[in-house]
Amino acid sequence: ITFSEIAGFYTEEFKLRLGSVLGDSIYYTLDGSLPTQNSSLYLDSLFIQNRNSEPNYFCEFPSSPDQSLISNKAWESPNSLVDKATIIRCRTYKNGIPSSKIYTTSYFVDEDMFSKYEFPVISLVTEQSNFFAEDSGIYVPGIHFDENSPEWTGNYCNTGRDWERPIHIEYFEQSGILAFAQDAGVRIHGGKTRIAAQKTLRLYARKEYSKSHFNYKLLPQIENQKFKRFLLRTSMGDWTGHTIIKDVLAQDISRELNIETQGFQPSIVFLNGEYWGIHTIRERIDEYYISDKFDIDKDSIDLINSVSQETISGSRDGYIDLLEFIEENDLTENTNYNYVATQIDIGNYIDYQIAEMFFANYDWPANNVKLWKPQSEGGKWRWIFYDLDNSFKQYEYNMFVHCTNTDESIGWPNSPKSTFLFRNLMLNNQFENQFIKRYVELLDKQFSLSRLLSKKNQIEALYSTGLAAHSARWNY
């Protein structure tokens, strides 16, 4: 199928003309659904215009339980009309048989279109049922919601391949140029934040959809130009609800430390042609993330969640053996400590521990702890810095006490199981001195007041340009 105008940004309305190279019949849809012979038959041209004054539709599907049932931010109808794009999905048929692939294109028309958004614009297109159907929609409470367990149930709480849906993604640079477009898979991502109104989306590149990777430099902080998966992360995990930059800021401040961090790029997302607010593009922390960062085969990586001891990739056996060794051996003895240092990257662990403590991340260490090691001889465990949404909140809170809790009655956020490693390492004078020396160094350099304020001002300025429309969209 040929298109008289390419997908992208326009300041004036126009007529879009489609053509079939083979002269077959073209059928199209405007609502994100896949075109069939029951769809509209293309006869002449399609009028593409500014649709911002049209009634909202997709944003009126409630995406969370009622506020009275959950502590996170519940869905509310937008307090105004949202921006809209025109979505064309089309396909040719001959003698009742499809004769072309499905084409999906997004057109944004606004007299201020080229200056309206300071971020890249991402258009996501999928059939309505994939996100909003009661039985199969991944973005709604649906049939799997249980009022007796409102914060942990709902269609969006389901995980795994059965809850992955096909989606089409178009990525437009700030200039309006289409950087890439492809079919992909999408799932809801996160823990308890799945129940919030705006949800984090995890995008999957698979050959069965179209391409095996997203071939584009999505993140300015890293050199990688090929991604197997990535996140469109929301800010509703911020427990105080007053900012959308905590995690991004903490990671940007810590980027020069000896820890694994995530890159970031704010974006504007449209879903089936309706404005869906600010989402930050992030790497997904999995074996592909490690493989890309360290040029290690993804099948030669052990990646685990140390709290639940969930195995994400490879094996957890080495870490469990290490904890058992520490349980049975006194780390005040340097011989025992030196063995532990052959299993753990001590410099990485100290930087990780200091950063989590400095930013006062309350949702840790009984949550949000991932570590990895290469399966090669001499490979050491390293910790990954992520999900700081519950940081920057209680500046007078004593994180050292928090990280050395031994009260067995406490499960979250700092169970004795989760503080076990740090407590035992701090028994060793060598580790303690290294920890203190490094903390003093970081307070003087990476965590200095002037550097923190500079980083905060930069990121605040970056995100603030799109905040009014984002807040209006989510009534938040």
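What comes next is a walk through the structure.

How each quantity is defined
By convention here, each chain's residues receive numbers from 1 onward along its written sequence. pLDDT decides what is reported in this predicted model: residues at 70 or higher carry local features, side-chain atom pairs at 80 or more are listed and counted, and totals for whole chains, interfaces and linings draw on all residues regardless. The side-chain values count all of the structure's non-hydrogen atoms but skip hydrogen atoms and water molecules. Only protein chains enter the area calculation, which uses a 1.4 Å probe; residues under 20% of their type maximum are buried, those over 50% are exposed, and those in between are partly exposed. Helix and strand labels come from DSSP, where a helix needs a run of H or I of at least four residues and a strand needs a run of E of at least two; each type is numbered from the N terminus. Any two residues whose heavy atoms approach within 4.5 Å are treated as being in contact. One bridge is not enough; two strands pair if DSSP finds at least two bridges between them. The axes used here are C-alpha line fits, helices contributing only the stretch in contact, and every angle between their N-to-C directions lies in the interval 0 to 180 degrees. Each aromatic pair joins two rings of Phe, Tyr and Trp (for Trp, the six-membered one) with centres within 6.5 Å, and gets the label stacked for planes under 30 degrees apart, edge-to-face for over 60, and tilted for any other angle. Like charges are joined within 9 Å and nonpolar side chains (Val, Leu, Ile, Met, Phe, Trp, Tyr) within 5 Å, but only among residues with over 30% relative accessible area and no salt bridge; these make up the patches. Areas reported as accessible are Shrake-Rupley estimates using a 1.4 Å probe. Residue values count occlusion only from the protein chains shown. We define a salt bridge as a contact between a side-chain nitrogen of Lys or Arg and a carboxyl oxygen of Asp or Glu at a distance within 4 Å. When charges are counted, neither His nor the chain ends are considered; positive counts come from Lys and Arg and negative counts from Asp and Glu. Each charge is placed at NZ for Lys, CZ for Arg, CG for Asp and CD for Glu. Each polar contact in these results corresponds to two N or O atoms within 3.5 Å; when the atoms are within protein, one needs to be able to donate a hydrogen and the other to accept it, and residues that are neighboring in sequence are counted only if both atoms are side-chain atoms.

**Concerning helix 4 (residues 287-294)**
Okay, so step 1: Those residues of helix 4 that sit buried are E287, Y288, Y289, I290 and S291.
Okay, so step 2: Those residues of helix 4 that are buried lie in contact with strand 14 (229-233), strand 16 (274-283), strand 17 (301-305), strand 18 (310-313), strand 19 (370-374) and strand 20 (382-384).
Okay, so step 3: Just downstream of helix 4 lies D295, where phi reads positive at about 55°.

**A closer look at the sheet that holds strand 18**
Where strands meet in a sheet, backbone hydrogen bonds hold them as pairs that are either parallel or antiparallel.
Okay, so step 1: In space, the four strands of this open sheet follow the order 18-17-19-20, with antiparallel pairing throughout. Edge positions in the open sheet fall to strand 18 and strand 20, since each of these has one partner strand only. Pairwise comparison of adjacent strand axes, ignoring direction, gives a mean angle of 30° for this sheet.
Okay, so step 2: One ladder, built from three bridges, connects strand 19 with strand 20; its direction is antiparallel.

**Here we look at the packing of aromatic side chains**
Okay, so step 1: Tallied over the entire structure, the rule returns 49 aromatic pairs.
Okay, so step 2: Consider the rings of Y27 and Y93, whose centres lie 5.7 Å apart with planes at 90°: the pair is edge-to-face. Of the two residues, Y27 is situated in strand 4 (residues 25-29) and Y93 in strand 7 (residues 86-94); the sequence distance between them amounts to 66 residues.
Okay, so step 3: Residue classification places Y93 among the buried residues on the basis of a relative accessible area of 9%.
Okay, so step 4: Ring centres 5.9 Å apart and planes at 70° place the aromatic pair Y139 and W276 in the edge-to-face group.

**Some remarks on a negative patch on the surface**
Okay, so step 1: The grouping of D317, D321, E324, E327 and E328 at the surface amounts to a negative patch.
Okay, so step 2: Within the secondary structure, D317 is located in helix 5 (residues 317-328).

**Some thoughts on the pairing of strand 19**
Okay, so step 1: Judged by how many residues are buried, strand 19 sits mostly within the fold: five of five residues are covered.
Okay, so step 2: By the alternation rule, side chains of strand 19 split into K370, W372 and P374 and L371 and K373, which are all buried.
Okay, so step 3: Sheet topology note: the strand 17/strand 19 ladder contains five bridges and is antiparallel. The residue of strand 19 that forms the bridge with I304 is L371.

**Thoughts on the pairing of strand 13 (residues 200-204)**
Okay, so step 1: Here strand 13 lies mainly inside the structure; five of its five residues are buried.
Okay, so step 2: Burial along strand 13 is two-sided: T200, R202 and Y204 facing one way and L201 and L203 facing the other are all buried.
Okay, so step 3: Sheet topology note: the strand 12 (residues 178-189)/strand 13 ladder contains five bridges and is antiparallel. What sits directly across from V186, in strand 13, is L203.
Okay, so step 4: Strand direction decides the pairing type here: strand 13 and strand 14, joined by four bridges, are antiparallel.

**As for the pattern of salt bridges**
A side chain of one charge can pair with a side chain of the opposite charge if their charged atoms are brought near each other.
Okay, so step 1: Under the defined criterion, the tally for this structure stands at 27 salt bridges.
Okay, so step 2: The partner of E441 in a salt bridge is R438, and the shortest N-O contact between them spans 3.2 Å. Separated by three residues within a single helix, E441 and R438 lie in helix 10 (residues 429-444), roughly one turn from each other.
Okay, so step 3: Of the residues examined, E441 reaches a relative accessible area of 32% and is grouped as partly exposed.
Okay, so step 4: When the shortest N-O distance is used, the salt bridge between E460 and K456 registers 3.2 Å. Of this pair, E460 and K456 both sit in helix 11 (residues 449-464), separated by four residues, roughly a single helical turn.
Okay, so step 5: Taking relative accessible area as the criterion, K456 reaches 29% and is therefore assigned partly exposed.
Okay, so step 6: When salt bridges with common partners are traced through the structure, they connect R161, E164, R187, R206 and E208 into a single cluster.

**As for the sheet that holds strand 10 (residues 121-125)**
Okay, so step 1: The seven strands lie next to each other as 10-11-12-13-14-16-15, forming a closed barrel whose pairing is mixed. In this sheet, neighbouring strand axes are inclined to one another by 40° on average, regardless of whether the strands run parallel or antiparallel.
Okay, so step 2: Where strand 11 (residues 165-172) and strand 12 come together, eight bridges link them in antiparallel fashion. When the bridges of strand 12 are listed, P166 appears paired with G185.

**As for the side chain of R202**
Okay, so step 1: Along the chain, R202 turns up in strand 13.
Okay, so step 2: One buried charge, R202, has no salt-bridge partner; the nearest side chain with opposite charge is D286, at 6.9 Å.
Okay, so step 3: Here the side chain of R202 touches H189 through a polar contact of 2.9 Å, side chain to side chain.
Okay, so step 4: A polar contact of 2.7 Å, which involves the side chain of R202, links it to the side chain of Y204.
Okay, so step 5: Among all residues touching R202, those that are not within four sequence positions of it are G185, V186, R187, I188, H189, R194, F230, L231 and R284.

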